[in-house]
Amino acid sequence: MNLSLDFAFEGFRLIRQRPKLILFWGLLTLIGNSLIAVITTVMAGPALSELSHVAAQSPDPQTTIALMTEIAPALAAGMPVYILTSAVMTAAICRAVEGESDERFGFLRFGKHEVLLIAVEIVMLFVRVIAMAGFVILGEASVQALPGAAGEGLSALASVLGLGFAGWLSLRLSLNAAQTFDEARLNIWGSFDLTRDRFWSLLVGYATAFGLALVVMFLCMQVVDGALVLASGMTSAKGADGLDMSTLAALGHPSVILYLFLTGGVMSPLTASILMAAPIAAYRQIRALGKPATAA
């Protein structure tokens, strides 16, 4: 049975009905984003700055790969902060979508539900990495087995298939966070049963939510650009020439602080509410239709 597309707009509904949620959710994402920025700056600030500079010009693949390799440990170090922030935010949005009455601190808590959602985040991270790694290995094997254009073509095909499979798997498992929260127990694979015969309905809804989030992000970045121009005379918030985040001293510059505040404290909670609320609202629709909330 197809779903109503209303679930794609759930994030907008939440913010419209309870705008003060952005204050609490924005504080959470601001702290999380700022911690990640500090971690990446300390561990790989110069490389990150150089990558932004290279990306703005004609990127050399070898240089980009080398810089990404240097940045990867910093991204890995910041991952626990991202997982914790995401789990706490997801639990808060679950409570908001369910219409709980106690909205103190914007539904932000830390307890059993958040711990379970941290476990969901970790498992899903490994699932996606393993899925992608399998196709990367297949692509490398193709290059070794078939030198030349044929091997490179198969390698590119393997990469495309890997991305496609990871996307399909993510969609089929997209309801496991909401289901885990609802059941108060870890349930990773029950989403397969819930999403059966609803792939295209969910895909259209998620694509709609993603498109809305992009629009909000674009509008927010225009505000950020304008604020930075007024505050410091910068021409843009984007690009290596706009912000220097290569050192902690540079990170403490008023323009960078303003940028982090507007993106982390305003843009991030808005886009997160749109993207995270969609699967939670979809799960609620499916549950209302009488679909059993257990794995097949």
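No experiment lies behind these values; they were computed from the predicted model shown.

What counts and how
Each chain carries its own residue numbering, running from 1 in the written order of its sequence. Per-residue local features are limited, in this predicted model, to residues with pLDDT of at least 70; the limit for side-chain atom pairs, both in listing and counting, is 80 or more; totals at the level of whole chains, interfaces and linings are taken over all residues. Just so you know, side-chain values use all the structure's heavy atoms and leave hydrogens and water out. Pairing of aromatic rings covers Phe, Tyr and Trp, the last counted by its six-membered ring, and requires centre-to-centre distances within 6.5 Å; plane angles under 30 degrees mean stacked, over 60 mean edge-to-face, and any other angle means tilted. Starting at the N terminus, helices and strands are each numbered in turn, a helix being any DSSP run of H or I of at least four residues and a strand any DSSP run of E of at least two. Exposure categories follow from relative accessible area, calculated using a 1.4 Å probe and restricted to protein chains: below 20% of the type maximum is buried, above 50% is exposed, and the middle band is partly exposed. The arc under discussion is defined with respect to the helix axis, by the directions toward the C-beta atoms. Only buried residues count toward a nonpolar core. Its members are Ala, Val, Leu, Ile, Met, Phe, Trp, Tyr and Cys residues joined through side-chain atoms within 4.5 Å. What makes two residues a contact is simply this: any of their non-hydrogen atoms within 4.5 Å. Salt bridges are defined as contacts in which a side-chain nitrogen from Lys or Arg sits within 4 Å of a carboxyl oxygen from Asp or Glu. pLDDT gives the predictor's per-residue confidence on a scale running from 0 to 100. Helix axes are fitted only over the stretch in contact, all axes being lines through C-alpha atoms; the angle between N-to-C directions runs from 0 to 180 degrees. Here the angle decides the label: under 35 degrees means roughly parallel, over 145 means roughly antiparallel, 65 to 115 means roughly perpendicular, and every other value means oblique. Here the term charged refers only to Asp, Glu, Lys and Arg, the term nonpolar to Ala, Val, Leu, Ile, Met, Phe, Trp, Tyr, Cys and Pro, and the term polar to all other amino acids, Gly among them.

Engineer: Go over the packing of aromatic side chains with me, naming the residues and quoting the values.
Structural biologist: Taken as a whole, this structure holds six aromatic pairs when the rule is applied. Judged by centre distance (6.1 Å) and plane angle (50 degrees), the rings of Trp168 and Phe192 are tilted. You can see Trp168 sitting in helix 5 (residues 149-172) and its partner Phe192 sitting in helix 7 (residues 190-195), a full 24 residues away along the chain. When its relative accessible area of 22% is taken as the criterion, Phe192 is described as partly exposed. Measuring from ring centre to ring centre gives 6.4 Å for Trp189 and Phe192, while their planes differ by 20 degrees; the resulting arrangement is stacked. Residue classification places Trp189 among the partly exposed positions, given a relative accessible area of 47%.

Engineer: Lay out helix 1 (residues 10-17) with the relevant residues and their values.
Structural biologist: Turning to helix 1, its buried residues number three or more, namely Glu10, Gly11, Leu14 and Ile15. Summarising the axial view, the buried residues of helix 1 lie within an arc of 135 degrees, below the 170-degree limit, and thus occupy one face.

Engineer: Tell me about the nonpolar core, and please be specific about residues and values.
Structural biologist: If you look at the biggest cluster of nonpolar residues, it comprises 59 residues, and the most contacted ones within it are Phe7, Trp25 and Ile93. Listing elements by their share of this core, those giving two or more residues are helix 1, helix 2 (21-56), helix 3 (61-98), helix 4 (112-145), helix 5, helix 6 (176-183), helix 8 (199-232) and helix 10 (254-288). Top contributing element to this core by residue count: helix 10, with 15 residues. Look past the residues within four positions of Trp25 in its chain and what remains in contact with it is Leu14, Ile15, Met89, Ala92, Ile93, Ala96, Gly106, Leu108, Pro269 and Ser273.

Engineer: How would you sum up the side chain of Thr271? Please name residues and give values.
Structural biologist: By the secondary structure assignment, Thr271 is in helix 10. In this structure Thr271 touches Ala213, Val216 and Met217, once residues within four positions along its chain are discounted.

Engineer: Provide a residue-level description of the pattern of salt bridges, including the pertinent values.
Structural biologist: Here the structure, examined in full by the defined rule, presents 10 salt bridges. Taking the shortest distance from any N to any O, the salt bridge between Glu98 and Arg287 comes out at 3.1 Å. Taken together, the residues span a long stretch of sequence, with Glu98 in helix 3 and Arg287 in helix 10 at a distance of 189 residues. On the accessibility criterion, Glu98 (29% relative accessible area) is partly exposed. Judged by relative accessible area, which is 29%, Arg287 ranks as partly exposed. Residues joined in a network through salt bridges with shared partners are Arg18, Lys20 and Glu103.

Engineer: Any chance you could break down the confidence of the model for the protein chain for me, citing the residues and the numbers?
Structural biologist: As a note on interpretation, predicted positions should not be read in detail where pLDDT is low. Summarising the model, the protein chain shows a mean pLDDT of 84, and 84% of its residues fall at 70 or more. Of all secondary-structure elements in the protein chain, the lowest mean pLDDT belongs to helix 5, at 77, while helix 6 reaches the highest, 96. Of the regions scoring below 50 in pLDDT, residues 235-241 engages in 15 contacts with residues more than four places distant in sequence or in other chains. The low-confidence segment residues 291-296 (pLDDT under 50) makes 23 contacts with residues lying over four places distant or belonging to another chain.

Engineer: Which residues make up the packing of helix 1 against helix 10, and what values do they have?
Structural biologist: It is at 6 Å that the axes of helix 1 and helix 10 come closest, and there the two elements cross at 120 degrees. Classed by the angle they form, the pair helix 1 and helix 10 counts as oblique. Listed contacts from helix 10 to Glu10, Gly11, Phe12, Leu14 and Ile15 of helix 1 are Leu270, Ser273, Ile274, Ala277 and Ala281. When its residues are assigned to classes, the contact of helix 1 with helix 10 shows seven nonpolar, two polar and one charged.

Engineer: I'd love a proper account of unusual backbone geometry, names of residues and values included.
Structural biologist: At Phe107, a position not held by glycine, the phi torsion is positive, near 70 degrees. You can see Phe107 is positioned in the loop between helix 3 and helix 4. Among the residues examined, Phe107 registers a relative accessible area of 0% and is labelled buried. Phi is positive for Asp197, close to 65 degrees, though the residue is something other than glycine. Mapped onto the secondary structure, Asp197 falls in the loop between helix 7 and helix 8. Among the residues examined, Asp197 registers a relative accessible area of 66% and is labelled exposed.

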